[in-house]
Amino acid sequence: MREIVIGAAQMGPIQRADTREAVVARMLALLDQAKDAGCQLVIFPELCLTTFFPRWYIADQAEVDSWFETEMPNAATQPLFNRARAHSIAISIGYGELTPDGRHFNTQILTDRQANIIGKYRKIHLPGHDEYDPERSFQHLEKRYFAPGDLGFPVFRNMDAWMGMLICNDRRWPEAYREMGLQGVELIVLGYNTPSGNSQNADETPEMRDFHSDLSVQAGAYQNSAFVVAVAKAGNEDGHPLNGGSVIVSPDGVILQKAKTLGDELLVQACDMDATAFGKASVFDFKRHRRIEHYGRIATQTGVIYPDGKEG
Ligand code: CDT
């Protein structure tokens, strides 16, 4: 038995005017709650220190840069690392990363229980667009503000388990899970900011968005026989609603816990990493069953090419 008590720390809205210090105070309260609940690992959402700024078109690069962190930990987040160490809780947090050589990434990190950063992931599947789009009901400018991640899909040894990270839109791509599945991943943690509506389709309901989130996460967990913990930033940010629906999913693809609110809310679940073994040795024993001689297109072609040669 390799049990890890996991906390999924869903966060309610962060307004554009909120300071990082105010946000970290909320995260400390969630960490204290997690300590009382016996958690050993707590996952916070994508871009959890700020509002979801890619919804705003910002022309001034200095203003863009103000939404990013140039080091981690830094003055604002040091209290979080200190509290995590004091509680002996490993954490995973998402933030905008500005590197010393001026590159911008949508990043998630993972610590051990002593608050040492032992893993980093930079979001690979960036949704949205890179120029102001007047046709959309709201903007989603991730392709403008971030470069695609350059670290692949690494898996890290932490707390006697193999752990990996995804970020938001990545959860909709089976290739992302499989890259980690092929490294034996047992726990995938991810944060998200999912607008409650589709900026290009007014008919798409929040319930449908929630369904698609669960569908993707449950499939990723089942098809790789891994736990998946998906954590939202939720609620109304300056008039822009985000879905909640954070989940902890078993290696069978079953939802074990699901958030009920759109606010700061902690889900707690004891997860035995040994429960990933059966699926990995049977229906998803990759070595016995995968047929890579037929998977060539997946790594060589992005868009659709029909059998008659026309491109989709
Ligand atoms: N943050 C993020 O990746 N959100 C996307 C919205 C997709 S619509 C442009 C998501 O997949 O939830």
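Use the structure listed above.
Residues numbered from 1 in each chain as written. Predicted model: local features only at pLDDT ≥ 70, side-chain atom pairs only at ≥ 80, totals over all residues. Heavy atoms only, no water.

Trainee: Help me out: how do you make sense of the pattern of salt bridges in this one?
Mentor: Opposite charge on two side chains permits them to pair, given that their charged atoms come into close proximity. Counted according to the given criterion, the structure contains 24 salt bridges. One salt bridge in this structure joins Asp-32 and Arg-83, with 2.9 Å as the shortest N-O distance. Residue Asp-32 is found in helix 1 (residues 20-36), and its partner Arg-83 is found in helix 3 (residues 78-87); the two are separated by 51 residues along the sequence. For Asp-32, a relative accessible area of 28% gives the class partly exposed. In this structure, the salt-bridge partner of Arg-157 is Asp-160, at a minimum N-O distance of 2.9 Å. Three or more residues are tied together by salt bridges with common partners; here these are Glu-97, Asp-101, Arg-103, Lys-120, Arg-122 and Asp-150. (Salt bridge = Lys/Arg side-chain N within 4 Å of Asp/Glu carboxyl O. Helix = DSSP H or I, 4+ residues; strand = E, 2+ residues; numbered from the N terminus. Buried < 20%, exposed > 50% of the residue type's maximum accessible area, 1.4 Å probe, protein only.)

Trainee: Before we go on, may I ask you to explain the nonpolar core in this structure?
Mentor: A general tendency of soluble globular proteins is for nonpolar side chains to be buried together. By size, the foremost hydrophobic cluster in this structure holds 43 residues, and its most contacted members are Ile-6, Leu-41, Leu-187 and Val-229. It is strand 9 (residues 227-232) that contributes the most residues to this core, six residues altogether. Apart from residues lying up to four places away in sequence, Val-229 is in contact with Ile-6, Ala-8, Ile-43, Leu-187, Ile-188, Val-189, Leu-190, Val-247 and Ile-248. (Core = buried A, V, L, I, M, F, W, Y, C linked by side-chain atoms within 4.5 Å. Contact = heavy atoms within 4.5 Å.)

Trainee: Just checking my understanding: could you explain the packing of helix 5 (residues 174-181) against helix 6 (residues 206-224) for this structure?
Mentor: Axes are the key here: two packed helices are described by the angle between their axes and the distance separating the axes. Where helix 5 contacts helix 6, the two axes come as close as 10 Å, and the packing angle between them is 30°. If you check the angle between helix 5 and helix 6, you find them roughly parallel. You can see that helix 5 and helix 6 cross each other, and the crossing is right-handed. Only Ser-216, Val-217, Gly-220, Gln-223 and Asn-224 of helix 6 make contact with helix 5, whose side of the interface consists of Tyr-177, Arg-178 and Gly-181. Grouping the constituent residues of the contact of helix 5 with helix 6 by class yields two nonpolar, five polar and one charged. (Axes fitted to C-alpha atoms, helices over the stretch in contact; angles between N-to-C directions. Parallel < 35°, antiparallel > 145°, perpendicular 65-115°, else oblique. Left-handed = near helix turned anticlockwise from the far one by under 90°. Nonpolar A, V, L, I, M, F, W, Y, C, P; charged D, E, K, R; others polar.)

Trainee: Explanation requested: the sheet that holds strand 7 (residues 161-167) in the structure shown.
Mentor: Either a parallel or an antiparallel arrangement is found when strands of a sheet pair, and the pairing is made through backbone hydrogen bonds. The six strands lie next to each other as 6-7-8-9-12-13, forming an open sheet whose pairing is mixed. Whereas interior strands pair on both sides, the edge strands pair on one side only; in this sheet they are strand 6 (155-158) and strand 13 (255-258). Taken over all neighbouring pairs, the strand axes of this sheet differ in orientation by 20° on average, direction set aside. Looking at chain direction, strand 8 (residues 187-192) and strand 9 are connected through six bridges and run parallel. For Tyr-192, the partnering residue across the bridge sits in strand 9 and is Ala-232. Against the sheet, helix 5 makes contact with strand 6, strand 7, strand 8 and strand 9, and its axis sits at roughly 160° relative to strand 7, the strand it touches most. Contacting strand 8, strand 9, strand 12 (247-249) and strand 13, helix 6 runs over the sheet at an angle of about 25° to strand 12. (Pairing = 2+ DSSP bridges.)

Trainee: Looking at this structure, how should I read the site of the ligand?
Mentor: Residues in contact with the ligand amount to 14 residues; listed here are only the nearest, Lys-123, Cys-168, Asn-169, Arg-172 and Thr-194. At 2.7 Å from an oxygen atom of the ligand is found a side-chain nitrogen or oxygen belonging to Lys-123. For the ligand, an oxygen atom lies 2.8 Å from a polar atom in the side chain of Asn-169. Taken by itself the ligand offers 360 Å² of open surface, and the protein chains cover 89% of this. Of the residues contributing to the shell around the ligand, the split by class is four nonpolar, five polar and five charged. (Near = heavy atom within 4 Å. Polar contact = N/O pair within 3.5 Å; in protein donor to acceptor, adjacent residues only side chain to side chain. Areas by Shrake-Rupley, 256 points an atom, 1.4 Å probe, with all protein chains shown as cover.)

Trainee: Looking at this model, I keep getting lost on a nonpolar patch on the surface. Mind explaining?
Mentor: Taken together, Met-208, Phe-211 and Leu-215 make up a surface patch of nonpolar side chains, about 290 Å² in accessible area. Of note, Leu-215 is situated in helix 6. Judged by its relative accessible area of 47%, Leu-215 falls in the partly exposed class. (Patch = residues over 30% accessible without salt bridge, like charges linked within 9 Å, V, L, I, M, F, W, Y side chains within 5 Å.)

Trainee: What should I look at first to understand unusual backbone geometry in this one?
Mentor: Most peptide bonds take the trans configuration, and most residues that are not glycine carry a negative phi. Of note, the bond from Met-72 into Pro-73 is cis; its omega dihedral lies within 30 degrees of zero at 0°. Its location among the elements puts Pro-73 in the loop between helix 2 (61-65) and helix 3. Here the phi dihedral of Ala-115 falls at roughly 70°; this positive angle occurs in a residue that is not glycine. Its place among the elements puts Ala-115 in the loop between strand 4 (104-111) and strand 5 (117-122). At Asp-238, a position not held by glycine, the phi torsion is positive, near 50°. Inspection of the secondary structure assignment puts Asp-238 in the loop between strand 10 (235-237) and strand 11 (240-242).

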